[in-house]
Amino acid sequence: MSSAPTQAGGRHRVVVVGTGFGGLFATRALRRADVDITLVGKTTAHLFQPLLYQVATGILSEGEIAPAVREVVAKQRNVTTILGDVTHIDVEARTVSSEHLGRTLVTPYDDLVVAAGAGQSYFGNDHFSQFAPGMKSIDDALELRGRILGCFELAELAMLRGDKHEASRLLSFVVVGAGPTGVEMAGQIAELSLRTLRRDFRHIDPSTAHVTLVDGAKQVLPAFGDRLGEIAQRRLEKMGVEVILGSMVTDVDATGIELKDVDSGYVRRVESVCKVWAAGVQASPLGKQLADQTGADTDRSGRIAVLPDLTLPGHPEIHVVGDMISLDKLPGVAQVAIQGARFSAKQILRRAAGQPTEERFHYFDKGSMATVSRFSAVASVGRLRFGGFVAWLLWLGVHIVYIIGFKNRVTTLLHWAVSFVGRGRAERTITEQQVFGRQAIQQLESMGQDPERLGDSRRA
Ligand SMILES: Cc1cc2nc3c(=O)[nH]c(=O)nc-3n(C[C@H](O)[C@H](O)[C@H](O)COP(=O)(O)OP(=O)(O)OC[C@H]3O[C@@H](n4cnc5c(N)ncnc54)[C@H](O)[C@@H]3O)c2cc1C
């Protein structure tokens, strides 16, 4: 492998794109290195996505799972943090262009780590997103919190007006996608209605809320195998969640969702105002951009085929990690991003020192877990497959370890005690901006407002 040409006379320049697991762990792995790091992210926070569903259902606050990345790396003197949306990477000129409010910054690099992750995919039906928000960002989680809790409020009003039909439509929740996120969301909406809200209303009975979990696959949690899928499904059904498998979503509108049975072709409609989309991912478009310039392939989800050492053909200085990559069928999980980031950081150190690099990244599968409800989870660790309370305790421990910052760990534990031992939820505040902000921004964009004018009007 070739060594790195560092800028004449200067320190080795590393640009890291993305402040998620890949970006942050690569940056931290270079903390003692004699390099200058520029960390570019389009949000100011490091988001711990696995706990997004707890923000959406009022257990945790957004600050607990998304600390300011600037604060996280404050003591790391070799890092400059930049807020910006990376719009272009020029692999020949070795520059990264990022934009913020219409202004462009071009940053040169000697080594580049791209960890821009993946967004939600509606499988070509992006218009569904208007009625069924996804679960990828803090904005998504807060919007969903507003929609979920808002539906209980509106149902109470509907009952006061004597409109039972409207109330039952408002108390019907549909979660699309029976992977870990969908299972966790369905379980938490059920617990919210059965435990937290049960005594808070006078004209509706929140415990009669109906939660439906839908998936085109024939089992819940397909990646966990039959047995754990069945355990999770049984637990959900015990809480009253209706599980509809082997059904594809064919349409979504403001008041319902249309499903088509994969085998029989039978089409049914489920009346529901609040829908959650937890199915399908699409890798960052930066993957396609890099593929076009380097001759690498991309798969159906837009993930870029990296070489075994996580670099791109002819470009040992470009390292791609995390959800964006396609290599050996590695799953889109945090550990793939973290281990890939640490591996790439070591490669960068070797390149900067003119030493030979490793030829292959080896992923160590530490296992996977998903919670179904309080005190109940499923876990797959090595050859072990187990569910129930022990799996839940393991889930709890692992997540506490990976939450960033001592303060966040303490408050998260407190909030978990409030929600899991007691009935409460510390974060039930909802605002109209959370519910309607995304649509308002989309409307502004479609009206041709350019971001610079938006920025000017906010500053005015
Ligand atoms: C709801 C949910 C639950 C999950 N649960 C689990 C779980 O229980 N266990 C598990 O192992 N994994 C889980 N995952 C998957 C895990 O979170 C991802 O695999 C992991 O976050 C991938 O890390 P990454 O660095 O590749 O991407 P991300 O963590 O998504 O980070 C990408 C970063 O890039 C930034 N970015 C994107 N585009 C640009 C751009 N153009 N310019 C600048 N910055 C950009 C984003 O703002 C973000 O900071 C879950 C994911 C979700 C969405």
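Residues numbered from 1 in each chain as written. Predicted model: local features only at pLDDT ≥ 70, side-chain atom pairs only at ≥ 80, totals over all residues. Heavy atoms only, no water.

Further remarks concern the overall build of the chain. A count of helices and strands for the chain gives 14 helices and 23 strands. A globule of 460 residues ought to have a C-alpha radius of gyration of about 23 Å, and the chain, at 23 Å, matches this closely. Along the first, second and third principal axes, the C-alpha atoms of the chain reach 75 × 60 × 50 Å. Expressed as a percentage of its 460 residues, the buried residues of the chain come to 50%. In the chain, of all internal contacts separated by at least 6 residues, the share reaching a separation of at least 24 is 63%. Carbon and sulfur atoms provide 53% of the accessible area of the chain, an area that totals close to 21,100 Å². Where the 52 positive side-chain charges of the chain centre and where its 50 negative ones centre are 7 Å apart. (Helix = DSSP H or I, 4+ residues; strand = E, 2+ residues; numbered from the N terminus. Rg over C-alpha atoms; globule rule 2.2 N^0.38 Å. Buried < 20%, exposed > 50% of the residue type's maximum accessible area, 1.4 Å probe, protein only. Contact = heavy atoms within 4.5 Å. Areas by Shrake-Rupley, 256 points an atom, 1.4 Å probe, with all protein chains shown as cover. Lys, Arg positive; Asp, Glu negative; His and termini not counted. Charge placed at Lys NZ, Arg CZ, Asp CG, Glu CD.)

Once that is clear, we can look at the nonpolar core. Buried together is how nonpolar side chains tend to be arranged in soluble globular proteins. Of all hydrophobic cores here, the largest spans 118 residues; its most connected members are Ile89, Val114 and Val320. In this view, Ile89 contacts Thr95, Val96, Tyr109, Leu112, Val114, Leu286, Gln289, Leu290 and Gln293; residues no more than four positions away in its chain are not counted. Of all hydrophobic cores here, the second largest spans 14 residues; its members include Val214, Ile244, Ile257 and Ala279. (Core = buried A, V, L, I, M, F, W, Y, C linked by side-chain atoms within 4.5 Å.)

Before going further, it helps to spend a moment on the state of the cysteines. Counting across every chain of the model gives zero disulfides. Lacking any disulfide linkage, Cys151 is separated from the closest cysteine sulfur, that of Cys274, by 4.9 Å. Look at Cys151 and you get buried, because its relative accessible area is 4%. Since its relative accessible area comes to 1%, Cys274 is described here as buried. (Disulfide = S-S within 2.5 Å.)

Right, let's talk about the site of the ligand for a bit. Every one of the 25 residues lining the ligand counts as a neighbour, but Gly22, Gln49, Asp85, Val86 and Asp323 are closest to it. Between an oxygen atom of the ligand and a main-chain N or O atom of Gly332, the distance comes to 3.1 Å. Elements supplying a minimum of two residues to the shell around the ligand: α1 (21-29), β4 (85-90) and α10 (334-352). Counted by class, the shell around the ligand contains ten nonpolar, eleven polar and four charged residues. Both domain 1 (2-120 + 282-352) and domain 2 (126-279) contribute no fewer than three residues apiece to the shell around the ligand. (Near = heavy atom within 4 Å. Polar contact = N/O pair within 3.5 Å; in protein donor to acceptor, adjacent residues only side chain to side chain. Nonpolar A, V, L, I, M, F, W, Y, C, P; charged D, E, K, R; others polar. Domains from an automatic or database assignment.)

Inspection of the secondary structure assignment puts Ser121 in the loop between β8 (118-120) and α5 (138-160). Of the residues examined, Ser121 reaches a relative accessible area of 10% and is grouped as buried. Polar side-chain contacts of Ser121 include one of 3.1 Å to the backbone nitrogen of Phe123.

Next up on the list: the UniProt feature "domain: FAD/NAD(P)-binding" (unreviewed entry) in the chain. UniProt annotation of "domain: FAD/NAD(P)-binding" (unreviewed entry) refers to residues 13-340 when read in the numbering used here. As annotated, residues 13-340 has a helix share of 30% and a strand share of 28%, and its two end C-alpha atoms lie 19 Å apart. (UniProt positions renumbered as here; feature names shortened; annotations may be inferred.)

The next subject is the confidence of the model for the chain. In the predicted model, the chain carries a mean pLDDT of 93, and the fraction of residues at 70 or more is 95%. This stretch, residues 455-460, has a pLDDT under 50; its non-local contacts, to residues over four places away or in other chains, come to four contacts. (pLDDT = per-residue confidence, 0-100.)

In this section: helix α7 (residues 180-196). Helix length check: α7 (17 residues) gives 22 Å between terminal C-alpha atoms against 24 Å at 1.5 Å per residue, within 8%. Within α7, 14 of the 17 residues are buried, which leaves the element mostly enclosed by the surrounding structure. (Expected span 1.5 Å × (residues − 1).)

Let us now look at the pattern of salt bridges. Summed over all chains, the structure comprises 18 salt bridges. Arg169 is the partner of Glu166 in a salt bridge, and the nearest nitrogen-oxygen pair spans 2.9 Å. Taken as a pair, Glu166 and Arg169 lie in helix α6 (residues 164-170) at a separation of three residues, close to a single helical turn. Owing to a relative accessible area of 17%, Arg169 belongs among the buried residues under this scheme. Close ionic contact of Glu358 with Arg350 constitutes a salt bridge, the shortest N to O distance being 3.7 Å. Each of Glu166, Arg169, Asp253, Arg269 and Glu271 takes part in one network of salt bridges that share partners. (Salt bridge = Lys/Arg side-chain N within 4 Å of Asp/Glu carboxyl O.)

Right, let's get into the packing of helix α11 (residues 389-402) against helix α12 (residues 406-421). Any two packed helices are characterised by how steeply their axes cross, that is the angle between the axes, and by the distance between the axes. Direction vectors running N to C along α11 and α12 enclose 150 degrees, while the axes themselves pass 10 Å from each other. By the criterion of interaxial angle, the relationship of α11 to α12 is roughly antiparallel. For the element pair α11 and α12, the recorded crossing hand is right-handed. Only Arg409, Thr412, Leu413, Trp416 and Phe420 of α12 make contact with α11, whose side of the interface consists of Trp392, Trp395, Leu396, His399, Ile400 and Val401. The residue inventory of the contact of α11 with α12, partitioned by class, reads eight nonpolar, two polar and one charged. (Axes fitted to C-alpha atoms, helices over the stretch in contact; angles between N-to-C directions. Parallel < 35°, antiparallel > 145°, perpendicular 65-115°, else oblique. Left-handed = near helix turned anticlockwise from the far one by under 90°.)

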